[in-house]
Amino acid sequence: AMSIGIFLLPRGSAIPLHDHPGMTVLSKLLFGRLRVTSYDMPADRPSPSKTSMLNPFSRGRSAIRFRCQPPRTTIVAAPCSTLRLDPLCGNIHEFEALEDTAIFDVLTPPYNDRAGRSCHYYSIADASLDGSDEVELVEIPWPQGLSIVQCAYSGPKCWPHQ
């Protein structure tokens, strides 16, 4: 199973720091220029409970905190190679549009709250803990002002059996 989507980001907007638990994502920049900041998912990260994507604190669960290595920050401009993240490498990331930008995403498997693949958002709690270069991230609720609009695909049928 997979899900696909196109994200349209006006210059200066961003998809905040978020994860893709247990997922692989391919992102193709269709047009524009983007700053990508990504963190590797630590192998010892506490497991989030199965929560709603709209309110990760809805069941009395406290915010998850964990340490990770410093981020990688890259600026990409279309046309460019396809960006890829997997369950550990680059799995926590943020996109910031430096120009009007469109990103085509393929996620596999797709987000699924019941299967423990909810989207979680993060902020930087502390950098340079104990003099190290590690960064502490803390889970936050759905970011205020973030709006993701879903639209059903209404183009030609994609599967031969339909």
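For the structure, check the block above.
Residues numbered from 1 in each chain as written. Predicted model: local features only at pLDDT ≥ 70, side-chain atom pairs only at ≥ 80, totals over all residues. Heavy atoms only, no water.

A.B. asks: Can you lay out the environment of L34 for me, pointing to particular residues and giving the numbers?
C.D. replies: Looking at where L34 falls in the secondary structure, it is placed in strand 4 (residues 33–39). What L34 contacts, discounting residues up to four positions off in sequence, is L9, L29, T74, I75, V76, F95, E96, A97, L98, T101 and I103. (Helix = DSSP H or I, 4+ residues; strand = E, 2+ residues; numbered from the N terminus. Contact = heavy atoms within 4.5 Å.)

A.B. asks: I'd like a description of a nonpolar patch on the surface, backed by residues and values.
C.D. replies: Taken together, the side chains of M2, I4, I6, L8, L30, F31 and F104 make up a nonpolar region of the molecular surface, amounting to roughly 730 Å² of accessible area. For the nonpolar patch, the secondary structure elements donating two or more residues are strand 1 (3–9) and strand 3 (24–31). Top contributing element to the nonpolar patch by residue count: strand 1, with three residues. Checked against the element boundaries, I6 lands in strand 1. (Patch = residues over 30% accessible without salt bridge, like charges linked within 9 Å, V, L, I, M, F, W, Y side chains within 5 Å. Areas by Shrake-Rupley, 256 points an atom, 1.4 Å probe, with all protein chains shown as cover. Salt bridge = Lys/Arg side-chain N within 4 Å of Asp/Glu carboxyl O.)

A.B. asks: Give me the lowdown on the pattern of salt bridges, citing residues and values where you can.
C.D. replies: Under the counting rule described, the total for this entry stands at six salt bridges. A salt bridge links R35 to E96; its shortest N-O distance comes to 2.8 Å. Placement of the pair is R35 in strand 4 and E96 in strand 8 (residues 92–97), with a sequence separation of 61 residues. Classification of R35 as partly exposed rests on a relative accessible area of 28%. R84 serves as the salt-bridge partner of D86, at 3.4 Å between the closest nitrogen and oxygen. By relative accessible area, R84 is classed as exposed at 55%. (Buried < 20%, exposed > 50% of the residue type's maximum accessible area, 1.4 Å probe, protein only.)

A.B. asks: Explain unusual backbone geometry residue by residue, including any values.
C.D. replies: In the segment running from A78 into P79, the intervening peptide bond is cis, with an omega of -5°. Structurally, P79 is set in the loop between strand 6 (72–77) and strand 7 (83–85).

A.B. asks: Just give me the short version of the sheet that holds strand 9 (residues 101–108), but keep the residues and values in it.
C.D. replies: An order of 1-9-3-7 is seen for the four strands of this open sheet, with the pairing classed as antiparallel. The sheet is open, and its two edges are formed by strand 1 and strand 7, each paired on a single side. Strand-to-strand twist of the sheet, defined as the mean angle between neighbouring strand axes without regard to direction, takes the value 20°. Where strand 3 and strand 7 come together, three bridges link them in antiparallel fashion. Note on strand 7: the bridge partner recorded for L26 is R84. (Pairing = 2+ DSSP bridges. Axes fitted to C-alpha atoms, helices over the stretch in contact; angles between N-to-C directions.)

A.B. asks: Residue-level account of the side chain of S27, with values.
C.D. replies: Among the structural elements, S27 can be located in strand 3. With near-sequence residues (within four places) excluded, S27 lies in contact with T82, L83, F95, I103, F104 and D105.

A.B. asks: How would you summarise the packing of aromatic side chains if you had to cite specific residues and measurements?
C.D. replies: Inspection of the entire model under this criterion finds two aromatic pairs. Relative to Y122, the ring of F66 has its centre 5.5 Å away and its plane inclined at 80°; by these criteria the two rings are edge-to-face. With F66 in strand 5 (residues 65–68) and Y122 in strand 10 (residues 121–127), this residue pair connects regions lying 56 residues apart in the sequence. The interplanar angle of 65° and the centroid separation of 5.4 Å between the aromatic rings of Y121 and W142 together place this pair among those described as edge-to-face. Taken together, the residues span a long stretch of sequence, with Y121 in strand 10 and W142 in the segment after strand 11 (135–140) at a distance of 21 residues. (Phe/Tyr/Trp six-rings, centres within 6.5 Å; stacked < 30°, edge-to-face > 60°.)

A.B. asks: Account for the environment of P16, with residues named and values stated.
C.D. replies: Along the chain, the position of P16 falls in strand 2 (residues 14–18). Looking at P16, the relative accessible area reads 18%, which means it is buried. In contact with P16, not counting residues within four places along its chain, are H93, E94, Y121, P143 and L146.

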